[in-house]
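Results of the structural survey
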Amino acid sequence: SFNALTTLENLEGFGRVETLVADNNALASAQPGLAALAGSLRVLSVNNNAIDDLDAFLDALEPLKELRILSMLKNPVSPSMFFGGDSEDYARFRLYVVHR
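As a starting point, this report considers the structure included with it. (Residues numbered from 1 in each chain as written. Predicted model: local features only at pLDDT ≥ 70, side-chain atom pairs only at ≥ 80, totals over all residues. Heavy atoms only, no water.)

**Describing the overall build of the protein**
Stated formally: Helix and strand labels come from DSSP, where a helix needs a run of H or I of at least four residues and a strand needs a run of E of at least two; each type is numbered from the N terminus. Atoms counted for the radius of gyration: C-alpha only. Globule rule: 2.2 Å times residue count to the power 0.38. Throughout this description, buried means an accessible area under 20% of the type-specific maximum (1.4 Å probe, protein chains only), exposed means over 50%, and partly exposed covers the range between. Residues count as neighbours in contact if any of their non-hydrogen atoms are within 4.5 Å of one another.
Along its length, the protein carries two helices and three strands. Traced from its N-terminal end to its C-terminal end, the protein shows the element sequence β-β-α-β-α. Its C-alpha atoms give the protein a radius of gyration of 13 Å, within 12% of the compact-globule value 13 Å for 100 residues. C-alpha extents for the protein along the principal axes are approximately 40 × 30 × 20 Å. Going through the 100 residues of the protein one by one, you find that 35% of them count as buried. Taking contacts inside the protein between residues at least 6 apart in sequence as the whole, the part at least 24 apart equals 56%.

This is the structure:
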């Protein structure tokens, strides 16, 4: 967290990471480097980044079959009643993410 990261790449040597907290950076939507954690990553937190394309971000998560917890609050793509959205927007967003 707080490292001004724009991408999560070069993770090939960290194939046993179960939890990754990358909050408060500048991460973009496309993150193909996450595929390197496909066998182990269970928790991913990318709160307060620059994720603005939900489908591109979820495409990067597709290989992460072990992922159980995803937190992406305070991103441009994440509706929140505290930041200009409403509870219905958040509910639709959450269902779509779970569906994907």
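**Here's the deal with the side chain of Asn75**
Just so we agree on the cut-off: Under the rule applied, a polar contact is a pair of N or O atoms within 3.5 Å (in protein, one hydrogen donor and one hydrogen acceptor; residues adjacent in sequence only if both atoms are side-chain atoms).
Mapped onto the fold, Asn75 is located in the loop between β3 (69-71) and α2 (87-99). Given a relative accessible area of 4%, Asn75 falls into the buried group. For Asn75, the side chain forms a polar contact with the main-chain nitrogen of Ile51, separated by 3.2 Å. Not counting the four nearest positions on each side in its chain, Asn75 is found in contact with Val46, Asn47, Asn48, Asn49, Ala50 and Ile51.

**Describing unusual backbone geometry**
The backbone phi angle of Ala4 is positive, close to 60°, even though this residue is not glycine. With respect to the helices and strands, Ala4 occurs in the segment before β1 (19-21). On the basis of relative accessible area, Ala4 is assigned to the exposed category, the value being 61%. Within the chain, Lys74 stands out as a residue other than glycine whose phi angle is a positive 60°. Considering the arrangement of structural elements, one finds Lys74 in the loop between β3 and α2.

**A short note on the nonpolar core**
Across soluble globular proteins, nonpolar side chains have a tendency to be buried as a group. Worth spelling out the cut-off: To form a nonpolar core, buried Ala, Val, Leu, Ile, Met, Phe, Trp, Tyr and Cys residues must be joined to one another through side-chain atoms within 4.5 Å.
With 21 residues, the main nonpolar core has Leu34, Leu44, Val46, Leu61 and Met72 as its most contacted residues. Here this core gets four residues from one element, more than from any other, and that element is helix α1 (residues 54-61).

**Remarks on the sheet that holds β1**
For clarity, the cut-off: Only when DSSP finds a minimum of two bridges between them are two strands counted as paired. Simply put, an axis is a line fit to the C-alpha atoms, just over the touching stretch for a helix, and the angle between two N-to-C directions goes from 0 to 180 degrees.
The strand order β1-β2-β3 describes an open sheet built from three strands, whose pairing is parallel. Looking at which strands have only one partner, the edges of the open sheet turn out to be β1 and β3. Across the sheet, the axes of successive neighbouring strands diverge by a mean angle of 0°, strand direction being ignored. Looking at chain direction, strand β2 (residues 43-45) and β3 are connected through three bridges and run parallel. Across the sheet, the residue bridging to Ser45 is Ser71, located in β3.

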